[in-house]
Amino acid sequence: MGETGSEEDAWFGFMIGIGHWHWHGFGFFTVTLRGHDLALGRVGLLKHSNWPEVELAWHLFDGSEGKGYATEAAEAVRRWAYLTHGFNQLVSFIDCSNDRSQAVAKRLRATTDGTRAEHEPEAEVWVHLTEPRL
């Protein structure tokens, strides 16, 4: 993802993820190919304290893009979110310059009217259908 950090930063990130799962009952899943241990990216649900809605988020690691992994995993997570958690709406906050992520959102049939996310002014709010293909 173009970021570097210390071992301490990584540990802090892992602890945040574990806490998020315990607090909300959802978080990120690691995306892998069936039968392989190599992590391709992460897809999941996020709900920070100052966010108005639950976000369906995805990011793939270098070399894993363009193969449909984000779309397939996001569809599965979205279905799980609606069926298991009973959410009636999910959003994705996508940077205006991130064409690849916008393409994933379009394949997921999410739409945007250009509204910006309050917590992230460079991101548009993409709204997912309330009744996805199940």
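Our structure is the block above this text.
This write-up is about the structure you can find in this document.

Let's talk about the packing of aromatic side chains
Right, so step 1: Applying the stated rule across the entire model yields five aromatic pairs.
Right, so step 2: Here Trp21 and Trp80 contribute two aromatic rings whose centre-to-centre distance is 6.1 Å and whose plane-to-plane angle is 45 degrees, an arrangement assigned as tilted. Residue Trp21 is found in helix α1 (residues 7-24), and its partner Trp80 is found in helix α2 (residues 69-85); the two are separated by 59 residues along the sequence.
Right, so step 3: Ring geometry for Trp51 versus Phe93: centroids 5.2 Å apart, planes at 75 degrees, classification edge-to-face. Residue Trp51 is located in the loop between β2 (41-46) and β3 (55-60), and its partner Phe93 is located in strand β4 (residues 91-95); the two are separated by 42 residues in the primary sequence.
Right, so step 4: What makes Phe93 buried here is its relative accessible area of 11%.
Right, so step 5: Taken together through their ring pairs, the aromatic side chains of Trp21, Phe29 and Trp80 make up a single cluster.
Right, so step 6: The lysine or arginine in question, Arg42, covers the ring of Phe28, its NZ or CZ lying 4.0 Å from the ring centre.

Regarding α1
Right, so step 1: Helix length check: α1, at 18 residues, gives a terminal C-alpha distance of 26 Å against a target of 26 Å (1.5 Å per residue), a fit within 8%.
Right, so step 2: Looking one or two places after α1, you find Gly25, whose phi comes out positive at around 85 degrees.

A short note on the side chain of Ser64
Right, so step 1: Considering the arrangement of structural elements, one finds Ser64 in the loop between β3 and α2.
Right, so step 2: There is a polar contact of 3.4 Å between the side chain of Ser64 and the backbone oxygen of Leu40.
Right, so step 3: Dropping the residues within four chain positions of it, Ser64 is found in contact with Leu40 and Tyr69.

Thresholds, definitions, all that
- The residue numbering used here restarts from 1 in each chain and proceeds along that chain's sequence as written.
- pLDDT decides what is reported in this predicted model: residues at 70 or higher carry local features, side-chain atom pairs at 80 or more are listed and counted, and totals for whole chains, interfaces and linings draw on all residues regardless.
- To obtain the side-chain values, all non-hydrogen atoms of the structure were included, while hydrogens and water were left out.
- Aromatic pairs are defined between Phe, Tyr and Trp rings, using the six-membered ring for Trp, whenever the two ring centres lie within 6.5 Å; interplanar angles under 30 degrees are classed as stacked, those over 60 as edge-to-face, and all others as tilted.
- Secondary structure elements follow DSSP: runs of H or I of four or more residues count as helices, runs of E of two or more count as strands, with numbering from the N terminus.
- Think of it in three bands: residues with accessible area under 20% of the maximum for their type are buried, residues over 50% are exposed, and the middle band is partly exposed, with areas taken using a 1.4 Å probe on protein chains only.
- Any Lys NZ or Arg CZ found within 6 Å of a ring centre and within 35 degrees of that ring's normal is scored as a charge over the ring.
- Take the residue count of a helix, subtract one, and multiply by 1.5 Å to get its expected span.
- Pairing of N or O atoms within 3.5 Å defines a polar contact, subject to two protein rules: one partner must be a possible hydrogen donor and the other a possible acceptor, and residues neighboring in sequence count only if both atoms are side-chain atoms.
- Working rule for contacts: check all heavy atoms of both residues, and any pair within 4.5 Å makes them a contact.

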